[in-house]
Structure formats: C-alpha cells, structure tokens
Amino acid sequence: RTVYLNGEYLPETEAKVSIFDRAFLMADGVYEVTSVLGGKLIDFDGHAKRLERSLGELDMKAPCSKEDLLQIHRELVARNGIEDGLVYLQVTRGAPGDRDFAFPDPETTEPTLVLFTQSKPGLADAPASRTGIKVISIDDIRWGRRDIKTVQLLYPSMGKMMAKKAGADDAWMTEDGVVTEGTSNNAYIVKNGRIVTRSLSNDILHGITRAAVLRFAREAQMEVEERDFTIEEAREADEAFVTSASAFVLPVVQIDEAVLGDGAPGPVAKRLREIYLDESRKAAI
Ligand code: PMP
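Quick notes on the rules
- Residues numbered from 1 in each chain as written.
- Predicted model: local features only at pLDDT ≥ 70, side-chain atom pairs only at ≥ 80, totals over all residues.
- UniProt positions renumbered as here; feature names shortened; annotations may be inferred.
- Helix = DSSP H or I, 4+ residues; strand = E, 2+ residues; numbered from the N terminus.
- Rg over C-alpha atoms; globule rule 2.2 N^0.38 Å.
- Buried ≥ 20, exposed ≤ 12 C-beta atoms within 10 Å, placed from the backbone.
- Contact = placed C-beta atoms within 7 Å.
- Pairing = 2+ DSSP bridges.
- Right-handed = clockwise from strand over helix to strand, strands pointing away.
- Axes fitted to C-alpha atoms, helices over the stretch in contact; angles between N-to-C directions.
- Near = placed C-beta within 6 Å.
- Nonpolar A, V, L, I, M, F, W, Y, C, P; charged D, E, K, R; others polar.
- Domains from an automatic or database assignment.
- Core = buried A, V, L, I, M, F, W, Y, C linked by C-beta atoms within 7 Å.
- Expected span 1.5 Å × (residues − 1).
- Arc of directions from axis to C-beta.

Naming follows an unreviewed UniProt entry, where the chain appears as Probable branched-chain-amino-acid aminotransferase of Salipiger mucosus DSM 16094. The UniProt entry for the chain carries the following text under Sequence similarities (unreviewed entry): "Belongs to the class-IV pyridoxal-phosphate-dependent aminotransferase family."

In structure tokens form, the structure reads like this:
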C-alpha cells in the first residue's frame, strides 16, 4: 500500500514518524475519514471544512490548502486502486525535539500530515445494513469538546470492547440518561414516523453524514426533530439507526434488552440509507 506522509508518497513500511510527535505522546492531533465509492470521494467538502474547524479550535496550523488535500486524496485512491473503501487523514501538531505540555512554537514545528487508504470491497452492501445492529448503553465519560475530531479515541475503543463482551455490535453513550451519540457515529430514533436526533453542541461530533441525511430527510418531507432523547425513549422507539462516513445509515434493531419493532431494519432507516447512497454517489468527486 502507498501512503502519504508530509509531502511524499511512500510504501507504508517506509513512512516513519518521530517518537516525539505530539499525537504519539499526547493525542494532540485531529483526523477525518472520507468514504470512497466507485473510486470517488463522498462528502469531501464537508470533511475538509470540519478538518479546518477542528484545527482552528486547537490553534493548529493547516498543513496545506483544501485543493492540495483533495489532490492528495485522489492520488492515493488512484495509486492504491481503491474502488470502495476509505481515506484516513490525520494532522498532528508535529514533533518538537522534546516532550513538553505547552504547545511548541508553530514557527519552528511543522504539523505532521498522514493519509492512507483502506480498501473495503462491497462497503455499501455490508451485511449489517441488512440485519441491523445491536447496541448497549454505556456512560459517556469523554471530555467536553466532542465537537473536535481528535485522535483521543481510547474511550470509544473501550466502548466497542464493552459492546463486544456483551454480545452487541456497538454502544450508545448516555449522560444523565440522555443519549449523546454512538462510539463512532451519530444516533437517531424514529417514533410515529418522526426522526429524532440530538441537536448540535460541544457534546457531540457534528457528523458530516448527519448533516447530509437530515437534509435529504427534510427534502423528502420526512419529519425531523433535533432534540435530546433518553435511552428509555430509545428503547421504546419504533426504529433506530446510526450515521457515519464509513457506515452511511445503519439500522439499529436492539438497544440493551429492548428489541425494536419486529427486530428487523425499519422502513425509515432503510429509505434514508437508499437516499443517502444514491445522492452521495451522484455528488461524489
Ligand atoms: N460521532 C462520533 C463520536 C464519531 O467518531 C463519528 C465518526 N467519526 C461520528 C459521530 C459520525 O461523523 P461522520 O458522519 O462525519 O463520519
């Protein structure tokens, strides 16, 4: 596999980063994941804009222009012959010569920019999209700036492991009984045809897929309500689903012990998945 590191395309075994890199020592970095379908990028513009915002919130320097980023994404997709899969991008505050809590001088320490691809044949037809997934609920004990897409992913990783141990596929996180989001996705319930999802704040990641799906839902005259919902309410919903760049729209058929509806993906989630995939493929670049 060919990867990208700081201006160079290299075989993955030759791409090396300093042990003093701030991401390695302090999780001082941000990332984006963009899906590839039919060799084209889904929602690139949204991901590039969110990256810019994440960098700004952390006073980090942009490693290059948006146009350069698009070019690097395309080059990597082409060099690795990716039909369906994803591009992972990470920007870190770089590697000063030593370990120090204070940020290094941006004049002397350049950001580290890494991109690599993952090939995922049949990404848009994953078996889980036909069966739906089971989620458990866990406490959300992450920090208070979840709107910044940092590489600090230890708790989400632990959440996935807790789900696995419980025989589930993923976890939804809650604060005082209210659902924030999934470990790596935004969470939704459907009751009487109405789609409910938490509104945007620093408490959740502003999903690029969320923005697109809500827009398509409204365009299709579906009712959307952006508000808090409790895990209790979720367990009594008609259906539920999650969205993310790599899973698109994925039905949820069980929350803790509660099986939703007849235990199969619901019509709203199925329809939104279809619309999202159709429209995103059309707009892919
Ligand atoms: N919330 C969290 C915590 C996530 O990690 C992700 C995916 N990175 C999302 C939501 C979904 O965001 P997006 O649709 O931009 O992939």
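K.L.:
Outline the overall build of the chain, supporting the account with residue identities and numerical values.
P.N.:
Across its full length, the chain holds eight helices and 15 strands. Whereas a compact globule of 285 residues would reach a radius of gyration of roughly 19 Å, the chain reaches 19 Å, a difference of no more than 12%. Looking at the 285 residues of the chain, the share that counts as buried comes to 39%. Across the chain, contacts joining residues at least 24 apart in sequence account for 72% of those joining residues at least 6 apart.

K.L.:
I'd like a description of unusual backbone geometry, backed by residues and values.
P.N.:
In this structure, Ala27 is a non-glycine residue whose phi angle is positive, near 55 degrees. Note on placement: Ala27 falls in the loop between helix H1 (22-26) and strand S3 (29-37). Unlike most non-glycine residues, Asp176 shows phi in positive territory, near 50 degrees. Topologically, Asp176 is positioned in the loop between strand S8 (170-175) and strand S9 (178-182).

K.L.:
Explain the pairing of strand S12 (residues 223-226) to me, using residue names and the numbers behind them.
P.N.:
Sheet topology note: the strand S11 (residues 194-197)/S12 ladder contains four bridges and is parallel. Across the sheet, residue Val196 finds its bridge partner in S12, namely Glu225. Once you follow S11 into helix H6 (residues 208-219) and on to S12, the crossover reads as right-handed.

K.L.:
Any chance you could break down the sheet that holds strand S1 (residues 2-5) for me, citing the residues and the numbers?
P.N.:
With antiparallel pairing, the six strands of this open sheet are ordered in space as S2-S1-S6-S5-S3-S4. Each edge of the open sheet is held by one strand with a lone partner, namely strand S2 (8-11) and strand S4 (40-41). As paired strands, strand S5 (residues 85-92) and strand S6 (residues 112-119) are joined by eight bridges and run antiparallel to one another. Bridge pairing in S6 places Val91 opposite Leu113. Each of S3, S4 and S5 is contacted by helix H2 (residues 44-57), which is oriented at about 180 degrees to S3, the strand it contacts most.

K.L.:
Give me the site of the ligand: which residues, what numbers.
P.N.:
Contacts to the ligand come from 13 residues, most closely from Leu205, Gly207, Ile208, Thr209 and Ala245. Those elements giving two or more residues to the shell around the ligand turn out to be H6 and strand S13 (239-244). The element contributing the most residues to the shell around the ligand is H6, with three residues. Class assignment for the residues of the shell around the ligand results in four nonpolar, seven polar and two charged.

K.L.:
Give me the lowdown on the domain arrangement of the chain, citing residues and values where you can.
P.N.:
What the domain assignment lists for the chain is domain 1 (2-121) and domain 2 (127-283). Averaged C-alpha coordinates put domain 1 and domain 2 at centres separated by 26 Å. On the domain 2 side, the residues contacting the 21 residues of domain 1 number 13 residues. Elements with a contribution of two residues or more to the side of domain 1 that touches domain 2: S3, H2 and S5. When residues in the side of domain 1 that touches domain 2 are grouped by element, the largest group, eight residues, is from S3. Here the residues of the side of domain 1 that touches domain 2 sort into nine nonpolar, eight polar and four charged.

K.L.:
Could you give an account of the nonpolar core, naming the residues involved and the relevant values?
P.N.:
Formed by 38 residues in total, the largest nonpolar core has its most connected members in Val135, Tyr188, Ile189, Ala240, Phe241, Val249 and Val252. Those elements that place two or more of their residues in this core are strand S7 (133-139), S8, strand S10 (186-191), S11, H6, S13, strand S14 (248-255) and helix H8 (267-283). Sorting elements by how many residues they give to this core places S14 first, with six residues. When neighbours within four sequence positions are excluded, Val135 is seen to be in contact with Ala163, Ala168, Asp169, Asp170, Ala171, Trp172, Gly182, Val252 and Ile255. Counting residues in hydrophobic clusters, the runner-up holds 24 residues, among them Leu55, Met60, Leu89 and Leu115.

K.L.:
Tell me about H2, and name the residues and values.
P.N.:
For H2, with 14 residues, the first-to-last C-alpha span of 20 Å sits near the 20 Å given by 1.5 Å per residue. By the burial criterion, the buried members of H2 are Phe44, His47, Ala48, Arg50, Leu51, Ser54 and Leu55. Within H2, the buried residues cover an arc of 165 degrees as seen down the axis, which keeps them to one side. Next to the buried residues of H2 lie S3, S4, helix H3 (66-79), S5 and H6.

K.L.:
I'd like a description of the pairing of S1, backed by residues and values.
P.N.:
Pairing of S1 with S2 involves four bridges; the strand directions are antiparallel. Bridging across to S2, Tyr4 finds its partner in Tyr9. Linkage of S1 to S2, two consecutive antiparallel strands, is achieved through a turn of two residues, within which Asn6 is found at a positive phi near 40 degrees. With two bridges connecting them, S1 and S6 associate as antiparallel partners. When the sheet's bridge partners are listed, Leu5 is paired in S6 with Val114.

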